[in-house]
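# Notes for the structure review
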Amino acid sequence: MNIQNVNHLVHAYKVAPWRVQRQWIGAALLAVVALVMVATLYLDVTSQAAIAGREIQVLTAQIAEGQRISADLQTQLASLTSASIMEQRALDLGFRPMKSSDAEYLVVPGYYEPKPEILSSASRPQLSALTIPPEYNESLLDWVDEKIATSSRGRK
């Protein structure tokens, strides 16, 4: 740049100082807009996290309520099916305890009670060392000894 251009620029800024002020105001407004955008993003993320946390609390409360209701129902079922309540309900319906003289037995021709299979009398398969191939009964030392003995016989 030559001196004349520099002088022209300096003169232009001296004549119109509002240009520098406009640049500062523009930069300040840009910074404010950036801060507002960051703050908006922060508030959005924070509100979403708060909403998710509240939903988790509601779901946890619903799970606890469901477990409480289930426990109450199990308690009611246990009390309704207890022996004393069931006996009283049967008597109320007209049932009575059975006497041995009231029992009737039916004989079914051709039916024989199955005899239980006793496992202790069942024959057990006998394992013997002879059923295992000899290759699997030999240790490493036996195998090395045999190879050494075979190679020494071959040299003689």
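Let me begin by describing the structure that accompanies this report. For every chain, the first residue of the written sequence is number 1, and numbering continues from 1 along that sequence. Under the rules for a predicted model, residues below a pLDDT of 70 receive no local features and side-chain atom pairs below 80 are neither given nor counted, while totals for whole chains, interfaces and linings still include all residues. Computation of side-chain values covers all heavy atoms of the structure but excludes hydrogens and water.

## A look at the overall build of the chain
Every helix listed is a DSSP run of H or I at least four residues long, and every strand listed is a run of E at least two residues long, numbered separately from the N terminus. Of regular secondary structure, the chain possesses four helices and zero strands. Ordered by position from the N terminus, the helices and strands of the chain form the series α-α-α-α. A 1.4 Å probe rolled over the protein chains alone gives each residue an accessible area, and that area as a share of the maximum for its type sets the label: buried under 20%, exposed over 50%, partly exposed in between. Burial analysis of the chain (156 residues in total) assigns 1% to the buried set. Computed with the Shrake-Rupley method and a 1.4 Å probe, the accessible areas treat only the protein chains shown as cover for residues. Of the accessible surface of the chain, which amounts to about 15400 Å², a share of 65% is contributed by carbon and sulfur atoms.

## Some words on a nonpolar patch on the surface
Residues Leu140, Trp143, Val144 and Ile148 make up a contiguous nonpolar surface patch of roughly 410 Å² in combined accessible area. As for its position among the elements, Trp143 is in helix H4 (residues 140-155). Patch membership needs two things, relative accessible area over 30% and no salt bridge, and members are linked within 9 Å if like-charged or within 5 Å if nonpolar (Val, Leu, Ile, Met, Phe, Trp, Tyr). One side-chain nitrogen of Lys or Arg within 4 Å of one carboxyl oxygen of Asp or Glu is enough to make a salt bridge.

## Description of the environment of Thr40
Mapped onto the secondary structure, Thr40 falls in helix H2 (residues 18-80). When its relative accessible area of 48% is taken as the criterion, Thr40 is described as partly exposed.

## Considerations on a negative patch on the surface
Neither His nor the chain termini are counted; the positive set is Lys and Arg, and the negative set is Asp and Glu. Just so you know, the charge point we use is NZ for Lys, CZ for Arg, CG for Asp and CD for Glu. On the surface, Glu135, Glu138, Asp142, Asp145 and Glu146 cluster together to form a negatively charged patch. Looking at the secondary structure, you find Glu146 in helix H4.

## Re the pattern of salt bridges
Tallying each qualifying case throughout the model produces three salt bridges. Note that Asp72 is salt-bridged to Arg68, the shortest N-O span being 2.9 Å. One end of the pair, Asp72, and the other, Arg68, are both in helix H2, four residues apart, so they sit about a helical turn from each other. Of the residues examined, Asp72 reaches a relative accessible area of 35% and is grouped as partly exposed. Between Arg96 and Asp102 there is a salt bridge, with the nearest N and O atoms lying 3.0 Å from each other. Where salt bridges share partners, they join Glu65, Arg68 and Asp72 into one cluster.

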